[in-house]
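Below are the chains, spelled out letter by letter.
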Amino acid sequence: MDNIIELRKICKSYGERVKTKVLFDIDLQIRKGSFNSIIGSSGSGKSTLLNIIGTLDKPTEGQVIINGTDTRNMNKDQLAELRNTTIGFIFQFHYLLPEFTARENILMPYRISNYNISREIQEWSDKLIDLTGIRDVADNLATDMSGGQQQRTAIARALINRPGIILADEPTGNLDSDTTENIYSLMRDVNREFGTTFLIITHDQRIAEKTDRIIEIRDGRIGLDIVK
Ligand SMILES: Nc1ncnc2c1ncn2[C@@H]1O[C@H](COP(=O)(O)OP(=O)(O)O)[C@@H](O)[C@H]1O
Ligand SMILES: [Mg+2]
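Residues numbered from 1 in each chain as written. Chains lettered and ligands numbered in written order. Predicted model: local features only at pLDDT ≥ 70, side-chain atom pairs only at ≥ 80, totals over all residues. Heavy atoms only, no water.

- The protein chain is annotated in an unreviewed UniProt entry as Lipoprotein-releasing system ATP-binding protein of Dethiosulfatibacter aminovorans DSM 17477.
- Recorded under Sequence similarities (unreviewed entry), the UniProt text for the protein chain is reproduced unchanged: "Belongs to the ABC transporter superfamily." (UniProt positions renumbered as here; feature names shortened; annotations may be inferred.)

This is the structure:
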């Protein structure tokens, strides 16, 4: 069994008095090392699902199993630790800290749990800076980079703790088509080089077609599920 992510009967409702159900009995298994896309119309439940997989949000019912561990009974600290060591997040808006350089932003998830920056981690951040092609701007403030460079920095940051899983929610949603291509080939390179599992929400059909598996969310349920 090589499933790094497993969802069992996930349901999600929002609201207290008036409940709106947005996810219905979702079962899903994601293979370790695979490169997957999630597609579907706006409001279909894609972000809700990704946030539940990333343990940023809790399902109303069902189980989220990450690396063979059921997350249902984990407390806040345990979940934070799991996220910090196992899952990297990339969002449409990169959320870099503007008062820090690209390099400092990349090291941030490491600093959260480690007081000292070891030589080894410094070398690793250098490697990520090269891999993501931001050497020339690595010491610029986050605000002093192009949109594509900022998103590359966010990708390097997502990789600093060597997570097994990267969850990306429309990571190229506000980038032009050349930069979009670039960012995708970068994520693909990372997938091939480190065996990182990717789950990427995209509305770009051409990008989705290049992934190993396309999962469509339709009205809170899995519609098409195409494995190549
Ligand atoms: N925090 C929330 N509170 C109430 N409703 C929400 C919340 N987040 C999302 N929704 C609703 O859940 C549905 C799915 O949203 P979302 O997962 O963001 O869809 P997608 O990412 O596919 O566009 C939408 O109808 C949205 O309005
Ligand atoms: Mg969304």
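After that view, the rundown keeps rolling.
Structural notes on the packing of helix H4 (residues 119-131) against helix H6 (residues 177-194)
So, step 1. Running from N to C, H4 and H6 point in directions that differ by 135°, and their axes come no closer than 11 Å. What the angle tells us is that H4 and H6 run oblique. Facing H4, whose interface residues are Trp124, Lys127 and Leu131, H6 presents Leu186, Val190, Glu193 and Phe194.
So, step 2. Broken down by class, the residue content of the contact of H4 with H6 amounts to five nonpolar, no polar and two charged. (Axes fitted to C-alpha atoms, helices over the stretch in contact; angles between N-to-C directions. Helix = DSSP H or I, 4+ residues; strand = E, 2+ residues; numbered from the N terminus. Parallel < 35°, antiparallel > 145°, perpendicular 65-115°, else oblique. Contact = heavy atoms within 4.5 Å. Nonpolar A, V, L, I, M, F, W, Y, C, P; charged D, E, K, R; others polar.)

Some words on empty space enclosed by the protein
So, step 1. One pass over the full model with this rule turns up one cavity of 30 Å³ or more.
So, step 2. Within this model, the largest cavity holds a volume of roughly 40 Å³.
So, step 3. Leu50, Asn51, Phe89, Ile90, Phe91, Leu167, Ala168 and Asp169 together form the lining of the largest cavity.
So, step 4. In the lining of the largest cavity, the residues fall into six nonpolar, one polar and one charged. (1 Å grid on protein atoms, 1.4 Å probe; cavity = no way out; pocket = protein on both sides within 12 Å on 5 of 7 lines; lining within 4 Å. Points joined across faces, edges and corners; volume = space filled by probe spheres on them.)

Focus: the layout of surface pockets
So, step 1. The calculated volume of the largest pocket comes to roughly 400 Å³.
So, step 2. What lines the largest pocket is a set of 18 residues, among which Asn84, Phe89, Pro109, Ile112 and Arg157 lie closest to the centre.
So, step 3. Within the residue set of the lining of the largest pocket, elements represented by two or more residues are helix H2 (76-86), strand S6 (87-91), helix H3 (102-113) and helix H5 (147-159).
So, step 4. Taken together, the residues of the lining of the largest pocket break down into eleven nonpolar, five polar and two charged.

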